[in-house]
Amino acid sequence: MVGFAEKYGPWAMVTGASAGLGVAFSRSLAKRGLNLVLTARREDRLENLARELETEHGIEVVPIPLDLCAPAAVDALAAKTTDREFGLVVANAGFGWAGPFLDQPAEKLREMVKLNCEIPALMAHTFLPGMVSRGRGGFMVIASTAGHVATPWMAGYGATKAFDLHLGEALAVELKSKGIDVLAVCPGSTESEFHELANVKVSAFSGFHASAEALAEGALKVLGRKPSWIHGLANRSSLFFTKHLPRRMATWITGKALSGHYRS
Ligand SMILES: NC(=O)c1ccc[n+]([C@@H]2O[C@H](COP(=O)([O-])OP(=O)(O)OC[C@H]3O[C@@H](n4cnc5c(N)ncnc54)[C@H](OP(=O)(O)O)[C@@H]3O)[C@@H](O)[C@H]2O)c1
């Protein structure tokens, strides 16, 4: 049987590696012996994580501080990494926003759509051809349970995650015959800086957070086995229930659940 590093190495790239899920994915991949390119804006955090993983796992880690919302950011990332052979890309960087749609500042909305949708699509378009030419590799896009049903009071964010979910599921079909595994990962509420930055009330999901480590480990185990994956039995059950309702009713129930979960 081909090992994880043989199939998805020698290099993996993780976007959003300075916090939350990105840190957890980086640790899980380092444990599996992959060399890593880590990117996000906060350079000090990337540097610290890189040194930690190199010392603990004897791998090579290259931190690339970068704002993915800057013009031509994916081209810049590709130009800085031309000498690396990527077998896996984790398009994880993203952020959300909770509250009435019309209250989200237009500039933040533009940034969110860019980071959550345009960037994962361009990452796939830029880094998958090399893997296709070698006949092996993987691509993971971090979608969300919020991508499975329309999300009033997180309208824009949920729509970006539906994009990620559809992108991942469609690419999984297109690229299967080329030896590439694509997975759209759908976390529910998970420990990270997400809620604070997304304007979500701290109390709203406290006690319901999954651990980022469990999410990353679970996703890496599922890679290659299905096109999309919902983390956790509770999330799977509630979405199963929701999907069997008329869409209008599912949206109404979700809106009820999310109303009042944002800071006003
Ligand atoms: N946590 C949850 O409950 C949850 C649930 C479902 C889906 N998700 C998804 O999981 C992914 C990871 O989020 P998280 O929960 O780990 O949130 P997080 O703790 O806030 O981490 C977000 C990461 O994205 C990076 N980032 C943000 N803006 C960026 C930019 N302009 N350029 C480059 N990097 C940028 C941040 O780094 P810098 O600030 O240093 O740039 C950080 O490393 C997101 O796509 C999110 O939608 C999270």
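Here, residues in each chain are numbered from 1, in the same order as that chain's written sequence. The predicted nature of this model means local features are confined to residues of pLDDT at least 70 and side-chain atom pairs, given and counted, to a pLDDT of 80 or more, with totals for whole chains, interfaces and linings taken over all residues. Excluded from the side-chain calculation are hydrogens and water; included are all heavy atoms of the structure.

**What to know about the packing of helix α2 (residues 20–31) against helix α3 (residues 43–57)**
Next up, step 1: Note on definitions: angles span 0 to 180 degrees between N-to-C directions of axes, and those axes are lines fitted to C-alpha atoms, for helices only across the stretch in contact. Segments assigned H or I by DSSP are reported as helices when at least four residues long, segments assigned E as strands when at least two residues long, and all are numbered from the N terminus. Where α2 contacts α3, the axes come no closer than 10 Å and their chain directions differ by 20°. Taken together, the axes of α2 and α3 lie roughly parallel to each other. Seen from above, α2 lies across α3 with right-handed handedness. Only L49, E52, L53 and H57 of α3 make contact with α2, whose side of the interface consists of V23, S26, R27, A30 and K31.
Next up, step 2: In this classification, the charged set is Asp, Glu, Lys and Arg, the nonpolar set is Ala, Val, Leu, Ile, Met, Phe, Trp, Tyr, Cys and Pro, and all remaining amino acids, among them Gly, are polar. Partitioning the contact of α2 with α3 into residue classes produces four nonpolar, two polar and three charged. We call two directions roughly parallel when the angle between them is under 35 degrees, roughly antiparallel when it is over 145, roughly perpendicular when it lies between 65 and 115, and oblique otherwise. The sense of a crossing depends on the near helix, which, turned anticlockwise from the far helix by less than a right angle, makes the crossing left-handed and, turned clockwise, makes it right-handed. We call two residues in contact whenever any of their non-hydrogen atoms come within 4.5 Å of each other.

**Focus on the site of the ligand**
Next up, step 1: Taken together, 31 residues lie around the ligand, and S18, R41, Y157, T190 and S192 are the ones closest in.
Next up, step 2: Between an oxygen atom of the ligand and a main-chain N or O atom of A19, the distance comes to 3.4 Å.
Next up, step 3: Between D67 and the ligand, the recorded distance is 2.8 Å, taken from a side-chain N or O atom to a nitrogen atom.
Next up, step 4: Protein burial of the ligand: of its 880 Å² of free accessible surface, 96% is covered by the chains.
Next up, step 5: Listing elements by their share of the shell around the ligand, those giving two or more residues are α2, α6 (155–176) and α7 (194–197).
Next up, step 6: A breakdown of the residues in the shell around the ligand according to their chemical character gives 15 nonpolar, 11 polar and five charged. Here a residue is considered near a molecule or strand provided that any single heavy atom belonging to it is located within 4 Å of it. Polar contacts here mean pairs of N or O atoms no more than 3.5 Å apart (in protein, one a potential hydrogen donor and the other a potential acceptor; neighbouring residues in sequence count only if both atoms are side-chain atoms). Reported accessibility uses the Shrake-Rupley method at a 1.4 Å probe radius. Residues are deemed covered only where the shown protein chains occlude them.

**Here we look at the side chain of H231**
Next up, step 1: Looking at the element boundaries, H231 is found in the loop between β7 (228–230) and α9 (233–243).
Next up, step 2: Here H231 is in contact with C186, P187, A210, S211, A214, L215 and R236, once residues within four sequence places are set aside.

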